[in-house]
Amino acid sequence: MDKKDPGCARCPFEMPGQGRICQDEAGKAPPFCPTVNREAVIAKALEELKKPEIREFARQASIQEGEGYSDRELGHARTRPLKPRIQEIVEFAGKMKYKKIGLVFCMGMRKEAKVVESLLAANGFTIVSGVCKVGRVPKEEIGIQDDQKVRIGCFESMCNPIAQAYLFNDEKTEFNVMMGLCVGHDSLFLKYAQAPCTVFAVKDRLLGHNPLAAIYTIDGYYRALKAPPPKK
């Protein structure tokens, strides 16, 4: 990797006395630090934040972040996590005075989506929900072969994230909540959805939708992920 490319994930400064420049005015910065090297990008972002609707969104998001902890008055070392993500979504949508929320979900999370929809509705929001298979479009439409399907030898609807996004756009949702879309399908939904989006749950078929489990055990059970893939 080029040493000039932004590389925050590689930043070596963590311990007290070696604070990061992005958090501490007297902090340190490696050669690839965008806080130091990309002042024009930071300035451009600040210009965008001058737009009233963007500024308010960012302000409320920061307020929500702070309210996610208790005991803040005791100092950072004593703070405690306070709220699950579903509660934060409800609270943030309320802060933004949203009325209509889109719930986009994978067929594999239909039971969970039903619960989430009922929770959002119970908090006074109008909910528009759309499942990934909306439209019943066969996978052959996008060139999928029979041996590439999940259920080989059967009709199989393709995931249709663009249609999900268009559905919500037509309904003029103000905020979209995503649940379990496949890798890539989630990208298409985000690309085509007009309203701001947040992710409630991500899909990980193997790890019970907890993808960080592989990262937490990267030096143990998932050590093979660190090895380069075999040459084909």
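First, a word on scope: everything that follows refers to the structure included in this document. Just so it is clear, the model here is predicted, and its values are computed rather than measured.

Looking at the layout of surface pockets
And step 1. There is about 530 Å³ of room inside the largest pocket.
And step 2. Of all the elements in the fold, those that place two or more residues in the lining of the largest pocket are helix H6 (161-171) and helix H7 (185-192).
And step 3. Split into classes, the residues belonging to the lining of the largest pocket amount to 13 nonpolar, 5 polar and 7 charged.
And step 4. Quantified by volume, the second largest pocket comes out at close to 150 Å³.
And step 5. Around the second largest pocket, the lining residues are Phe57, Gln64, Arg85, Glu88, Ile89, Phe92, Phe175, Cys197 and Thr198.
And step 6. Elements that contribute at least two residues to the lining of the second largest pocket include exactly helix H3 (52-66), helix H4 (85-95) and strand S6 (197-201).
And step 7. If one sorts the elements of the lining of the second largest pocket by residue count, H4 sits on top with 4 residues.
And step 8. Split into classes, the residues belonging to the lining of the second largest pocket amount to 5 nonpolar, 2 polar and 2 charged.

Regarding the nonpolar core
Grouped burial of nonpolar side chains is what soluble globular proteins tend to show.
And step 1. Residues Ile101, Leu103, Phe175 and Met179 are the most contacted members of the largest nonpolar core, which totals 19 residues.
And step 2. Residue assignment for this core shows that the elements contributing at least two residues are H4, strand S3 (100-105), helix H5 (110-122) and strand S5 (175-179).
And step 3. It is H4 that provides the largest number of residues to this core, a total of 5 residues.
And step 4. Sequence-distant contacts of methionine 179, that is, excluding residues within four places in its chain, are made with Leu103, Val104, Phe105, Cys106, Met109, Glu112, Ala113, Val116, Phe200 and Ala201.
And step 5. In this structure, Val104, Leu181, Phe189 and Ala193 belong to the second largest nonpolar core, which totals 8 residues.

Definitions and limits used
Residues numbered from 1 in each chain as written. Predicted model: local features only at pLDDT ≥ 70, side-chain atom pairs only at ≥ 80, totals over all residues. Heavy atoms only, no water. 1 Å grid on protein atoms, 1.4 Å probe; cavity = no way out; pocket = protein on both sides within 12 Å on 5 of 7 lines; lining within 4 Å. Points joined across faces, edges and corners; volume = space filled by probe spheres on them. Helix = DSSP H or I, 4+ residues; strand = E, 2+ residues; numbered from the N terminus. Nonpolar A, V, L, I, M, F, W, Y, C, P; charged D, E, K, R; others polar. Core = buried A, V, L, I, M, F, W, Y, C linked by side-chain atoms within 4.5 Å. Buried < 20%, exposed > 50% of the residue type's maximum accessible area, 1.4 Å probe, protein only. Contact = heavy atoms within 4.5 Å.

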